[in-house]
Amino acid sequence: MANAIRALAMDAVERAKSGHPGMPLGMADVATVLFSRHLTFDPKHPTWPDRDRFVLSGGHGSMLLYSLLHLTGYEGFTIDQIRQFRQFGALAAGHPECDPHNGIETTTGPLGQGLGNAVGMALAERVLNARFGDALVNHSTYVMAGDGDLMEGISHEAASLAGHLKLHKLIVLYDDNGISIDGPTSLSTSDDVPGRFRSMGWDVQRVDGHDMAAVDAAIAAARLTDTPSLICCRTVIGFGAPTKAGTEGAHGAPLGAEEIEGVRQAIGWPHPPFEIPDAILRQWRSIGAAGQTERLAWESRLAAAEPERRDAFQAALDGRLPADLGRLIAHYKREAAAEQPKLATRQASGEVLAALLPAIPAMIGGSADLTGSNSAKPKGAAKVVAPGDYGGQFVHYGVREHAMAAAMNGLALHGGCIPYGGTFLIFADYCRPSIRLSSMMRQRVIYVMTHDSIGLGEDGPTHQPVEQLATLRAVPGLAVMRPADAVETAECWEIALRQADTPTVLALTRQSLPIHRVTHTDENLSARGAYVLADSPGARVTLLATGSEVSIAMAARELLEGEDIAVRVVSMPCWPLFDAQPRAYRESVIDPDCLLVAVEAGIRQGWDHYIGREGIFIGMSSFGISAPYPVLYKHFGITPNAIADTVKLRFK
């Protein structure tokens, strides 16, 4: 059975003239034990909620996963799909791309990300178990990870978090083959990997990865621990290859016809490429069918559950939002318009969360050791998730931005959870690989990123975002929202929650801002991406602004109107939402016949799409400086007077 994996993998890589055969050949024995004796799954119902999750963190070894999916009977993974490995339109892409309906739980390839996702999946399992009980939620998360995964810094963060939280249903099978692309791992690392994981609270075992009985016993033991488990499986990369086994030559390139023939002889596999003997295929298919019994038993338990619990469980899995979400947001907006508090948008976000968290139990928040600064945990509104006590809605991620972001992807992928997590906007750079994958996988992950400009002041240029908004806006499918006041903040939260297939970055201020929309409307104006906030008949100038600079634009409008220059102010909290509007609406908001001026305490990149090359940009073209924020805005010329003076020069 293991040799069937090896044959499919090496033949598919050879046919594609591209791929990584070494890991599938080396880990085939471990994979066979896992799938045949421990993993609970049902290929006929691949998204069954209480299935075990399997994550191939070393996504370059994708043919290991695709072979298993074909052999166990996932309908999408026909033998033709295996033949089309790495070809246009094939399910068998170069690296696994998230497709739970075909057995792929997450997109992997950037090393370490799969491990980070798996920590989130294991956390989701524990959180949902605490809420719904063993009868409905009681499964494990298995990961295959290699040396590259464990060298990446994210693995340290993710493993440390998992160990601290005692996520005992997380089991990592480490492909300990001692080889990387450059050669022996001894070229670049001398870590004591088992010692490292033990120090982080993991149970650790070491086995011969080609001794199936030993692997079986190790997995069985790992399932009984009260901590996460690492099983170090000593393997030979490219197992069976006569000259390339155990070398970098088996890692990232086809073996070649001669070497493949040598593997066939070494493992006793005389069959032609892509041909699996019926007896072996039947064995594999019977393993795939075995999970049906477990699934049917679970369905019976679900049917027997109290109606209220069953409905709540299904609502969580469906990602359903409360019917009165719009009313909750409108209530907050109405109060803000009436009371007109001067709040930082991070504080407004905290107030909105205080209303949302009790109403949406699926929301699982957190912060990377900046809970108070991000206003990520309203007082009394969210119990903390702690080791052994998972019945909460807030995770203290510690100073682990990268792992936090990857774990949030895992929480979302698992289902039943709507994750949000806070840090400073400058540290989006630490989260970026995971943010990119959130977007690629179309997951509802909400990044609460505060201290969004030079407006944070004295912490200086190391902490003042300048280019971050532009670089985040460049990510396809990512909704970057920068609200101008408490009203827009509430609207942006509603949008982020309602966009079930879109990740969101909420860029929020440290400094306090006035309320601009003092007349309440139930309509979510921010959902249009941009709208006219203030207007004058015959406007000759349109000021476009986001976030904290909207108030500056409004003040500049007063100065210009005082000199008989009619001005329109447009608030633009979310560019892609505006770009998606009908052309007529966009042209009604941004009149191309006006002088167009963009105001944002970031770089110009991206603004020319709206203001053109001849438009005026008031913002940043360098890094910031350590000083109180009013001093900085004056120094960099982002003030009402500077805007007014620049505009007046155009009319001379």
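Criteria and thresholds
Residues numbered from 1 in each chain as written. Predicted model: local features only at pLDDT ≥ 70, side-chain atom pairs only at ≥ 80, totals over all residues. Heavy atoms only, no water. Helix = DSSP H or I, 4+ residues; strand = E, 2+ residues; numbered from the N terminus. Buried < 20%, exposed > 50% of the residue type's maximum accessible area, 1.4 Å probe, protein only. Contact = heavy atoms within 4.5 Å. Lys, Arg positive; Asp, Glu negative; His and termini not counted. Charge placed at Lys NZ, Arg CZ, Asp CG, Glu CD. Expected span 1.5 Å × (residues − 1). Pairing = 2+ DSSP bridges. Axes fitted to C-alpha atoms, helices over the stretch in contact; angles between N-to-C directions. Polar contact = N/O pair within 3.5 Å; in protein donor to acceptor, adjacent residues only side chain to side chain. Parallel < 35°, antiparallel > 145°, perpendicular 65-115°, else oblique. Left-handed = near helix turned anticlockwise from the far one by under 90°. Nonpolar A, V, L, I, M, F, W, Y, C, P; charged D, E, K, R; others polar. Core = buried A, V, L, I, M, F, W, Y, C linked by side-chain atoms within 4.5 Å. Salt bridge = Lys/Arg side-chain N within 4 Å of Asp/Glu carboxyl O. Phe/Tyr/Trp six-rings, centres within 6.5 Å; stacked < 30°, edge-to-face > 60°. 1 Å grid on protein atoms, 1.4 Å probe; cavity = no way out; pocket = protein on both sides within 12 Å on 5 of 7 lines; lining within 4 Å. Points joined across faces, edges and corners; volume = space filled by probe spheres on them.

Undergrad: What is the right way to read the overall build of the protein chain from this model?
TA: Along the backbone of the protein chain there are 25 helices and 20 strands. With respect to the three principal axes, the spread of C-alpha positions in the protein chain is 90 × 55 × 45 Å. Within the span of the protein chain, comprising 652 residues, buried residues form 61% of the whole. Taking all contacts inside the protein chain whose residues are at least 6 apart in sequence as the whole, residues at least 24 apart take part in 77%. On the protein chain, the mean spot of the 57 positive side-chain charges and the mean spot of the 72 negative ones are 3 Å from each other.

Undergrad: I would appreciate a short explanation of unusual backbone geometry in the present structure.
TA: Residues other than glycine predominantly adopt negative phi, and peptide bonds predominantly adopt the trans conformation. For Ser-375, which is not glycine, the phi torsion reads 55 degrees and is therefore positive. Secondary-structure assignment places Ser-375 in the loop between α15 (371–374) and β10 (394–396). For Ser-375, a relative accessible area of 15% gives the class buried. Positioned with a positive phi, His-451 is a non-glycine residue whose angle comes to about 55 degrees.

Undergrad: Can you walk me through helix α7 (residues 153–165) in this structure?
TA: Turn by turn, an α-helix covers 3.6 residues, leaving residues three or four places apart pointing in a common direction. The terminal C-alpha atoms of α7 lie 19 Å apart, and with 13 residues this matches the ideal 18 Å at 1.5 Å per residue to within 8%. Residues Ile-154, Ser-155, Ala-158, Ala-159, Leu-161, Ala-162, Gly-163 and Leu-165 constitute the buried set of α7. As for α7, its buried residues are in contact with α5 (113–132), α6 (147–151), β3 (170–176), α8 (193–199), β10 and α16 (401–414). At the C-terminal side of α7, Lys-166 shows a positive phi close to 55 degrees.

Undergrad: Help me understand the sheet that holds strand β13 (residues 479–481) in this model?
TA: Note on sheets: strands pair through backbone hydrogen bonds, and any given pair is parallel or antiparallel. Ordered in space as β10-β9-β11-β12-β14-β13, the six strands form an open sheet in which the pairing is parallel. With partners counted over all chains shown, the strands left at the sheet margins are β10 and β13, one partner each. Ignoring strand direction, the axes of neighbouring strands in this sheet form an average angle of 20 degrees. Here three bridges tie strand β9 (residues 363–367) to β10, and the two strands are oriented parallel to one another. Paired with Ser-367 across the strands is His-396, a residue of β10. Against the sheet, helix α19 (residues 486–498) engages β9, β11 (418–424), β12 (446–450), β13 and β14 (504–507), with an angle of about 155 degrees to β12.

Undergrad: What exactly am I supposed to notice about the sheet that holds strand β17 (residues 541–545) here?
TA: Here we have five strands laid out as an open sheet, ordered β16-β18-β17-β19-β20, and mixed in their pairing. Bordering the open sheet on either side are β16 (531–534) and β20 (616–618), each of which pairs with just one other strand. Sheet twist, expressed as the mean angle between neighbouring strand axes with direction ignored, is 30 degrees. Looking at chain direction, β17 and strand β18 (residues 567–571) are connected through five bridges and run parallel. Bridge pairing in β18 places Ala-545 opposite Ser-571.

Undergrad: Can you help me understand helix α3 (residues 62–72) in this one?
TA: The element α3 is largely enclosed, with a buried count of 11 among its 11 residues. Tucked into the core, α3 has its buried residues touching α1 (2–16), α2 (22–37), β1 (53–56), α4 (79–83), β2 (141–146) and α11 (278–304).

Undergrad: Looking at this structure, I do not really get the side chain of Arg-51. What am I missing?
TA: Position of Arg-51 among the secondary structure elements: in the loop between α2 and β1. Given a relative accessible area of 6%, Arg-51 falls into the buried group. Only 3.1 Å separates the side chain of Arg-51 from the backbone oxygen of Thr-47, close enough to count as a polar contact. Of note is the side chain of Arg-51, whose polar atom sits 2.8 Å from the side chain of Glu-105. Not counting residues up to four positions away in its chain, the partners in contact with Arg-51 are Thr-40, Phe-41, Pro-46, Pro-100, Glu-105 and His-139.

Undergrad: Is there a simple way to think about the packing of α5 against α16 in this case?
TA: When two helices pack together, their arrangement is captured by the angle between the axes and the distance separating the axes. At a minimum axis separation of 6 Å, α5 and α16 run at an interaxial angle of 55 degrees. Comparing the axis directions of α5 and α16 gives the class oblique. Here α5 and α16 pass one another in a crossing that is right-handed. Between α5 and α16, the residues in contact are Gln-113, Gly-116, Asn-117, Gly-120, Met-121, Leu-123, Ala-124, Glu-125 and Leu-128 and His-402, Ala-406, Ala-407, Asn-409, Gly-410, Leu-411, Leu-413 and His-414, respectively. Split into classes, the residues belonging to the contact of α5 with α16 amount to eight nonpolar, eight polar and one charged.

Undergrad: Just to check I follow, could you spell out the nonpolar core for this structure?
TA: Side chains of a nonpolar character, in soluble globular proteins, are inclined to be buried together. One finds Phe-197, Trp-202 and Leu-230 to be the most contacted residues of the largest nonpolar core, which totals 68 residues. If you tally residues by element for this core, the top one is α5, at 10 residues. The residues touching Trp-202, leaving out its near neighbours within four places in the chain, are Ala-159, Ala-162, Gly-163, Leu-170, Val-172, Phe-197, Thr-227, Pro-228, Ser-229 and Leu-230. Membership of the second largest hydrophobic core comes to 62 residues, among which are Ala-9, Ile-104, Val-207 and Ile-287.

Undergrad: Explanation requested: the environment of Thr-78 in the structure shown.
TA: Counting through the fold element by element, Thr-78 comes out in the loop between α3 and α4. With a relative accessible area of 37%, Thr-78 lands in the partly exposed category. Residues Thr-78 and Ala-530, 452 residues apart in the sequence, show an inter-C-alpha distance of 47 Å.

Undergrad: Whenever I open this one, the packing of α3 against α11 confuses me. Can you help?
TA: Axis separation between α3 and α11 bottoms out at 7 Å; the angle between their running directions is 85 degrees. Between α3 and α11, the interaxial angle falls into the category roughly perpendicular. Counted together, Leu-68, His-70, Leu-71 and Thr-72 of α3 and Leu-281, Trp-284, Arg-285 and Gly-288 of α11 form the full contact between these two elements. For the contact of α3 with α11, the residue count by class is four nonpolar, three polar and one charged.

Undergrad: It is not clear to me how the pattern of salt bridges should be interpreted in this structure. Could you clarify?
TA: When the charged atoms of two side chains with opposite charge come close together, those side chains can pair. Counted by the stated rule, this structure contains 29 salt bridges. With its nearest N and O atoms 2.8 Å apart, the salt bridge here joins Lys-333 to Glu-491. One end of the pair, Lys-333, is in helix α13 (residues 325–339); the other, Glu-491, is in helix α19, and 158 residues separate them in sequence. Using a relative accessible area of 0% as the deciding quantity, one classes Glu-491 as buried. Across the pair Asp-608 and Arg-604 runs a salt bridge whose closest N-O atoms are separated by 2.6 Å. Judged by relative accessible area, which is 27%, Arg-604 ranks as partly exposed. Because the salt bridges share partners, they merge into one network encompassing Asp-42, Arg-295 and Glu-299.

Undergrad: Quick question: what am I supposed to make of the packing of aromatic side chains here?
TA: Geometrically, a pair of aromatic rings is defined through the distance of the ring centres and the angle of the planes. Overall, the coordinates contain 17 aromatic pairs when judged by the stated rule. With 6.3 Å between their ring centres and 85 degrees between their planes, Tyr-629 and Tyr-633 make a pair best called edge-to-face. Placement of the pair is Tyr-629 and Tyr-633 together in helix α24 (residues 629–635), with a separation of four residues, close to one helical turn. The buried category is assigned to Tyr-633, whose relative accessible area is 6%. Joined through ring pairs, the aromatic side chains of Trp-575, Phe-578, Tyr-585, Trp-607 and Tyr-610 make up one cluster.

Undergrad: Would you mind going over empty space enclosed by the protein with me for this structure?
TA: To find the voids left in a structure, one rolls a probe of water-molecule size over its atoms. This structure, assessed with the given rule, holds three cavities of 30 Å³ or more. In terms of lining, the largest cavity is formed by Phe-35, Leu-39, Phe-41, Pro-46, Arg-51, Asp-52, Phe-54, Leu-65, Leu-69, Tyr-74, Gly-103 and Glu-105. Here the lining of the largest cavity is composed, by residue class, of eight nonpolar, one polar and three charged.

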